[in-house]
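# Descriptive analysis of the structure
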Amino acid sequence: MRILIAIDGELAQRRFALPSGRSWCGRPAPGIVIGIPGPGISRRHALLESREEGVRITDVGSANGTWVNGVRLAINQPHELRHLDRLRIGTQFFRFESDEMSTDAVIGPGTGVRMARSRVQRGRTARRSLSTLMWCGVGLCLLALVAWTA
């Protein structure tokens, strides 16, 4: 399931499930799936597209902008959302949540697998290094013991 959770303001803690297809964000009106009251919201502020591959958000020329993780989106340039991204639509803040937390579809083609592998490899390398260090320490202790008893 893919949802937007309002973090603050009039909509605080309200959850918006994103259906497949297009969902408009803007001032409350017919045809707007995510109606956001208050100043700074355009009639049609942003477009969310929920596809099999993931969810994209596009600022469609709003006056006050659409932001993802503190970065303002370029107008009419779709942006792939990732699990736990923070959105600001006008003056309203949201958190995006998705079941597909680390899939390629949500992160972008090819990057998810690489990121997951690199984390696993870093973990293995760290464990290997710690293991090697431990055995070196044991070896040094044995050498010191042998030298002391001789």
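As shown above, the structure is provided for reference.
Just so we're clear, the structure is a prediction, and the values are computed from it rather than from any experiment.

### Considering the environment of L87
- Its place among the elements puts L87 in strand β10 (residues 86–89).
- With a relative accessible area of 1%, L87 lands in the buried category.
- A C-alpha to C-alpha distance of 9.3 Å links L87 and A6, two positions 81 residues apart in sequence.

### Quick look at the packing of aromatic side chains
- Applying the stated rule across the entire model yields one aromatic pair.
- Ring centres of F16 and F94 lie 6.2 Å apart, and the angle between their planes is 70°; on these two criteria the pair is classed as edge-to-face. Linking F16 in strand β2 (residues 15–17) with F94 in strand β11 (residues 92–98), this pair joins segments that are 78 residues apart in sequence.
- Among the residues examined, F16 registers a relative accessible area of 6% and is labelled buried.
- The lysine or arginine in question, R44, covers the ring of W24, its NZ or CZ lying 4.3 Å from the ring centre.

### Section: unusual backbone geometry
- Phi at N69 is positive, roughly 50°, even though this residue is not glycine.
- With respect to the element layout, N69 can be found in the loop between β7 (66–68) and β8 (71–72).
- A positive phi angle, near 75°, is found at L84, a position not held by glycine.
- On the secondary structure map, L84 appears in the loop between β9 (79–80) and β10.

### Observations concerning the pairing of strand β3 (residues 21–26)
- Where β3 lies against strand β5 (residues 46–51), five bridges are found, and the strand directions are antiparallel. By the bridge assignment for β5, C25 is matched with A46.
- Sheet analysis places β3 next to strand β4 (residues 34–35), joined by two bridges and oriented parallel. The partner of C25 across the bridge, within β4, is I34.

Each value, and the rule that gives it
- Residues numbered from 1 in each chain as written.
- Predicted model: local features only at pLDDT ≥ 70, side-chain atom pairs only at ≥ 80, totals over all residues.
- Heavy atoms only, no water.
- Helix = DSSP H or I, 4+ residues; strand = E, 2+ residues; numbered from the N terminus.
- Buried < 20%, exposed > 50% of the residue type's maximum accessible area, 1.4 Å probe, protein only.
- Phe/Tyr/Trp six-rings, centres within 6.5 Å; stacked < 30°, edge-to-face > 60°.
- Lys NZ or Arg CZ within 6 Å of the ring centre and 35° of its normal.
- Pairing = 2+ DSSP bridges.

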